[in-house]
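Residue-level listing of the chains:
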Amino acid sequence: MTKIAHDVLALVGNTPLVRLQRASEETGCEILAKCEFMNPGGSVKDRAARYIIEDAEAQGTLRTGGTIVEGTAGNTGIGLALIGAAKGYRTIIVIPETQSQEKKDTLRALGAELVEVAPTSYSNPAHYVHTSRRIAEETPNALWSNQFDNIANRMAHIRGTAPEIWAQTEGRIDGFTCAVGTGGTLAGVGLGLKEMSPGVTIALTDPHGASLYDYYARGELHAEGSSVAEGIGQSRITANLESAPIDTQFRIGDEEGLAQVFSLLREEGLCLGLSSGINVAGAIALARELGPGKRIVTILCDSGMRYLSTLFNPAWLDAKGLPKPDWLTR
Ligand code: PMP
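Remember, predicted model here, so these are calculated numbers, not experimental data.

(A) A look at the overall build of the protein chain. Scanning the protein chain from terminus to terminus reveals 12 helices and 10 strands. The buried share of the protein chain, taken over its 330 residues, is 52%. Considering only residue pairs separated by 6 or more positions, the protein chain has 69% of its internal contacts joining residues 24 or more positions apart.

(B) Looking closely at the UniProt feature "domain: Tryptophan synthase beta chain-like PALP" (unreviewed entry) in the protein chain. Taking the UniProt record as the reference, the feature "domain: Tryptophan synthase beta chain-like PALP" (unreviewed entry) is found at residues 10-302. Annotated as residues 10-302, this span is 42% helix and 17% strand, and its ends, taken at the C-alpha atoms, are 19 Å apart.

(C) Looking closely at the packing of helix α2 (residues 45-59) against helix α3 (residues 75-87). Interhelical geometry of α2 versus α3 gives an angle of 50° and a closest axis separation of 8 Å. Accordingly, the angle class assigned to the pair α2 and α3 is oblique. Crossing hand, α2 versus α3: right-handed. From α2, Lys 45, Asp 46, Ala 48, Ala 49, Arg 50 and Ile 53 reach across to α3, where they touch Asn 75, Thr 76, Gly 79, Leu 80, Ile 83 and Lys 87. In terms of residue class, the contact of α2 with α3 is made up of 5 nonpolar, 3 polar and 4 charged.

(D) Structural detail: the sheet that holds strand β5 (residues 113-117). Read from one edge to the other, the open sheet built from 4 strands follows the order β5-β4-β3-β6, with strand pairing classed as parallel. Because the sheet does not close on itself, it has two edges, and the strands there are β5 and β6 (142-144). With direction set aside, neighbouring strand axes in the sheet form an average angle of 20°.

(E) Geometry of helix α9 (residues 254-268). For α9, spanning 15 residues, the distance from its first C-alpha to its last is 20 Å, which sits close to the expected 21 Å at 1.5 Å a residue. Restricting attention to buried positions, one finds in α9 the residues Asp 254, Gly 257, Leu 258, Gln 260, Val 261, Phe 262 and Leu 264. Buried residues along α9 sit against β9 (248-252) and α10 (274-290). Looking one or two residues beyond α9, the residue adopting positive phi is Gly 269, at roughly 70°.

(F) Expanded view of α2. With 15 residues, α2 should reach 21 Å at 1.5 Å per residue; the first-to-last C-alpha distance of 21 Å fits that figure. Three or more residues of α2 are buried, namely Lys 45, Asp 46, Arg 47, Ala 48, Ala 49, Arg 50, Tyr 51, Ile 52, Ile 53 and Ala 56. Backbone geometry just downstream of α2 places Gly 60 in the positive-phi region, at approximately 80°.

(G) Spotlight on the site of the ligand. Every one of the 19 residues lining the ligand counts as a neighbour, but Gly 181, Thr 185, Gly 231, Ser 275 and Cys 301 are closest to it. Broken down by class, the residue content of the shell around the ligand amounts to 6 nonpolar, 10 polar and 3 charged.

(H) Broad picture of unusual backbone geometry. Here the phi dihedral of Asn 14 falls at roughly 50°; this positive angle occurs in a residue that is not glycine. Along the polypeptide, Asn 14 turns up in the segment before β1 (17-19).

(I) Inspection of the environment of Tyr 51 at higher detail. Along the polypeptide, Tyr 51 turns up in helix α2. As for Tyr 51 and Leu 186, which are separated by 135 residues in sequence, their C-alpha atoms are 16 Å apart.

(J) Layout of the pairing of β5. As judged from the 5 bridges shared by strand β4 (residues 90-96) and β5, these two strands associate in the parallel manner. Bridge assignment links Pro 96 to a residue of β5, and that residue is Val 117. Where the polypeptide runs from β4 across helix α4 (residues 101-109) and back to β5, its parallel neighbour, the crossover connection is right-handed.

Reading guide: rules and limits
Residues numbered from 1 in each chain as written. Predicted model: local features only at pLDDT ≥ 70, side-chain atom pairs only at ≥ 80, totals over all residues. Helix = DSSP H or I, 4+ residues; strand = E, 2+ residues; numbered from the N terminus. Buried ≥ 20, exposed ≤ 12 C-beta atoms within 10 Å, placed from the backbone. Contact = placed C-beta atoms within 7 Å. UniProt positions renumbered as here; feature names shortened; annotations may be inferred. Axes fitted to C-alpha atoms, helices over the stretch in contact; angles between N-to-C directions. Parallel < 35°, antiparallel > 145°, perpendicular 65-115°, else oblique. Left-handed = near helix turned anticlockwise from the far one by under 90°. Nonpolar A, V, L, I, M, F, W, Y, C, P; charged D, E, K, R; others polar. Pairing = 2+ DSSP bridges. Expected span 1.5 Å × (residues − 1). Near = placed C-beta within 6 Å. Right-handed = clockwise from strand over helix to strand, strands pointing away.

See below:
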């Protein structure tokens, strides 16, 4: 363990693995989860933010006094704003207005300049990703971080997350799974682990409303249903996802993911967002597919504290038609 970190950048990554008790007992497997909510910005996306910034500096596309522009569901923006502050860059974040109030307030508090846009399809030029690219083009000395198609994102996981998991499990790992936002985590950890051991099974855990389950199952991008999960749910093959080594795939609904969020909180003291709950449900599905005695790793992406006004708010759960846990209503 490092005794004194040099700066905030040195605090990104090297997160612990925690054994999930109930999921392990239920499946007869060992289900381990990487505590990415412990990164300085509170999510797995700090890794991509750091790598994208350092890569751009090395390539000369981000220079002293420059501006970082990104379209993000929130967590990448939080990472970029913190690392940007530490390095003296201005940060402009384009965010769909439907993202949680906590994330928007956090971004503003961290000094990011926020541009809120109405949610729309990727093919619409007003989509938050295209808006962020235009702002970057119009801003002098600006970098468009472009997390979806900039493969510095997945390099953070090939070089960082995957070797960490390998070292922490001492190479005893049978499967890995997580959901996809940009695909940086799944593709990067998948490629990194396969490099060390081609026999590790890499599984996609897809929320409803995303198109990747059908793509990996039968080669067709096709979505079914919808999800309230933030930060995941992809409808195209991003550059980060290209040639991702996916062996098997699961589709997990919000109710199943939310049941994991509530059980992990009440029974194991882990307070998490919905993408983490969906990941754990996916890890259980993978455990059932691989059979007892296997060791499976997944990702705890961010903290439930980021979703107090949504996942832990009875009125919001009612409005979305989602079940409320009894302790929230008494
Ligand atoms: N969960 C949350 C809460 C996120 O913000 C993100 C990032 N969009 C992800 C999961 C997915 O990570 P990735 O972009 O690496 O696919």
